[in-house]
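Topology and contacts: notes
Each chain, letter by letter, is given below.
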Amino acid sequence: MNVHLRFLGAAGTVTGSKYLVEFNNQSLLVDCGLFQGYKQLRLRNRDPLPFLPNHLNAVLLTHAHLDHSGYLPVLTKEGFHGKVWSTPATRDLASILLPDSGHLQEEDAAFANRHGFSKHAPALPLYTEQDARDSLKFFKTVHLGETFEPIHGWKATFIHAGHILGASSLLLEVGNRRILFSGDLGRSDDTLMKPPDQPPGADAVIIESTYGDREHPDEDVLAELGPALQRVAARGGTAVLPVFAVGRAQEILHAIALLKANGVLPGSLPVYLDSPMAIQSTGLFARHLGEHRLNARQCHDMEHAARMVSSVDQSKAIAQQHGPKVILAASGMATGGRVLHHLVQYLGHHRNMVVLTGYQAPGTRGASLSAGVEHLRIHGQDIPVRAEVVQMTSASAHADASQLMDWLRALPKAPHRVFVTHGDMEASDRFRQSIEDKLGWHAMVPEHGSTWAV
């Protein structure tokens, strides 16, 4: 009897990771992510699942980012009652990310209904904050390197992947097959996270390809961020930095702490972290010492690099603070959250700046800003873009093409097949070609919804 692998997300796109593994009338889902970016992708979040959630035996999460975990509240709301297996840090982060995602969806729907710019009457959230909190009770944690049985007779092991706190690759052993999911792989030279561990041997490998068609620049985060913030401070402007609340926010805070300590930026330059989720996530670094590169003192400095802004009233009050300042706010691709209100406030003046701190998926507002649009649509309005837009290229938490290839080369033997996923079509196909040319392995980019025997 064959083990079947079905690609229900992250196939030909960089979002919505979901892999259904089926064997002997039992099944589990590796990752349970939201589709983000282009509207036609986001609409997939509303499509009925091609399986019955109450027939699914387990979910295994490689990490907590919403494109890997954010669909979980829908799954549990629709009847899944099995265990959601993850590392402890992934559980801690999901406890922050998922309720916040539900809350933002409720806020966005309410805002759309108040202002009448939704095409649906009424606009409804995909799930609520309470739906998200309800999903958390299904979590079951296991430590990195510990082998467990998500289904009787199936073995699974999480392996350190870098990227963010708790992130892992996953080795699944079922039906005499070994299937290795890379998850999102971190960089060997990441400023916060330790490099990924060496991968174990497998018959089939599913590897991400976010940066499968490019290399990271030699320039580091400090060299890129320092001059940009110096410029905006010198002209008395405001820098708005859309950041991912998990990973990117902490990397930028750590960089700002170092830039101030080194005298590159004035110690008096006001910095605001306007994201309750990012504030909570930053505190987790001290709780999970040993999973990242920072010591206790560096965690303290990172936590005190900005004024923490929790309430909506505090967020609105930032606009009353005159003079140069730096605002970090989620979300990292400007798809929602408080950063949108800051963009409305500051995009229209040339002395201000927007610093895009990482990869911007096609179809997002961040991608539009990076492409140089003259107007940006936010909350039904076209906002003129007169602020300087800086696209950072050094702050990615993803391995680049060479680092992805190095991870594959570290496999103890060649797999029978490599599935290239979690990348834009061009990135995935370029990386597929590289695998075939440089390693001589059979590689392919699966289509959305396709099923393969492994």
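Above: the structure in question.
Residues numbered from 1 in each chain as written. Predicted model: local features only at pLDDT ≥ 70, side-chain atom pairs only at ≥ 80, totals over all residues. Heavy atoms only, no water.

1. Quick word on the environment of Ser17
Selection criterion: Comment: elements are numbered from the N terminus, with helices defined as DSSP H or I runs of at least four residues and strands as E runs of at least two.
Mapping Ser17 onto the fold places it in the loop between strand S1 (4-7) and strand S2 (19-23). As a C-alpha pair, Ser17 and Leu439 span 422 residues in sequence and 26 Å in three-dimensional space.

2. Some words on the packing of aromatic side chains
Given two aromatic rings, one states the distance between the centres and the angle between the planes to describe the pair. Using the following cut-off: Stacked, edge-to-face and tilted labels apply to pairs of Phe, Tyr and Trp rings (six-membered ring for Trp) whose centres lie within 6.5 Å, assigned for plane angles under 30 degrees, over 60, and everything in between, in that order. For each residue, the accessible area found with a 1.4 Å probe, counting protein chains only, is set against the maximum for its type, and the residue is called buried under 20%, exposed over 50%, and partly exposed in between. For a ring to carry a charge above it, either NZ of a lysine or CZ of an arginine must fall within 6 Å of the ring centroid while also lying within 35 degrees of the normal to the ring plane.
Scanning the model with the defined rule gives seven aromatic pairs in all. Note on Tyr19 and Phe181: the rings are 5.7 Å apart at their centroids and 35 degrees apart in plane angle, and the pair reads as tilted. A residue pair is termed long-range when its members are at least 10 positions apart, and Tyr19 in strand S2 and Phe181 in strand S10 (residues 177-181) qualify at 162 residues. Taken together, a centroid distance of 5.5 Å and an interplanar angle of 35 degrees make the contact between Phe148 and Phe158 tilted. One end of the pair, Phe148, is in strand S7 (residues 147-148); the other, Phe158, is in strand S8 (residues 155-160), and ten residues separate them in sequence. Under the relative-accessibility criterion, Phe148 is labelled buried at 6%. Members of the aromatic cluster, connected to one another through ring pairs, are Phe7, Tyr19, Phe181, Phe419 and Trp452. Its guanidinium or amino end placed over the ring of Tyr71, Lys18 lies 4.6 Å from that ring's centre, counting from NZ or CZ.

3. Some words on the pattern of salt bridges
So the rule is basically this: A pairing counts as a salt bridge when a side-chain nitrogen of Lys or Arg comes within 4 Å of a carboxyl oxygen of Asp or Glu.
Scanning the model with the defined rule gives 17 salt bridges in all. A salt bridge links Asp406 to Arg409, with the shortest nitrogen-to-oxygen separation between them at 3.5 Å. Of this pair, Asp406 and Arg409 both sit in helix H13 (residues 401-409), three residues apart, which is roughly one turn of that helix. Residue Asp406 is classed as partly exposed on the basis of its relative accessible area, which comes to 44%. Given a relative accessible area of 45%, Arg409 falls into the partly exposed group.

4. Quick word on the sheet that holds strand S5 (residues 83-86)
Rule in force here: In short, DSSP must find at least two bridges between two strands for them to pair. Angles shown run from 0 to 180 degrees and are taken between the N-to-C directions of axes, each axis being a line fitted to C-alpha atoms and, for helices, limited to the stretch in contact. In this analysis, two residues are considered to be in contact whenever any of their non-hydrogen atoms come within 4.5 Å of each other.
With mixed pairing, seven strands are arranged side by side in an open sheet as S6-S5-S4-S3-S2-S1-S22. The strands lining the two open edges of the sheet, one partner per strand, are strand S6 (139-141) and strand S22 (451-453). When strand polarity is set aside, the average angle formed by the axes of neighbouring strands in this sheet is 25 degrees. In the sheet, S1 pairs with S2 via four bridges, with the strands oriented antiparallel. Following the sheet pairing, His4 is matched in S2 by Glu22. Each of S5 and S6 is contacted by helix H4 (residues 88-115), which is oriented at about 150 degrees to S6, the strand it contacts most.

5. Some thoughts on the nonpolar core
What counts, and what does not: Here, nonpolar core means buried Ala, Val, Leu, Ile, Met, Phe, Trp, Tyr and Cys residues that are tied together by side-chain atoms lying within 4.5 Å of each other.
Among the nonpolar cores identified, the biggest contains 74 residues, and Val59, Leu75, Leu225, Leu241 and Leu328 are the most heavily contacted of them. For this core, the element with the highest residue contribution is helix H7 (residues 248-261), accounting for seven residues. Once you skip the residues sitting within four places of it in the chain, Val59 turns out to touch Leu29, Cys32, Leu72, Leu75, Phe80, Lys83, Val84 and Trp85. Counting 29 residues, the second largest nonpolar core, distinct from the first, contains Val21, Trp85, Ile151 and Ile179.

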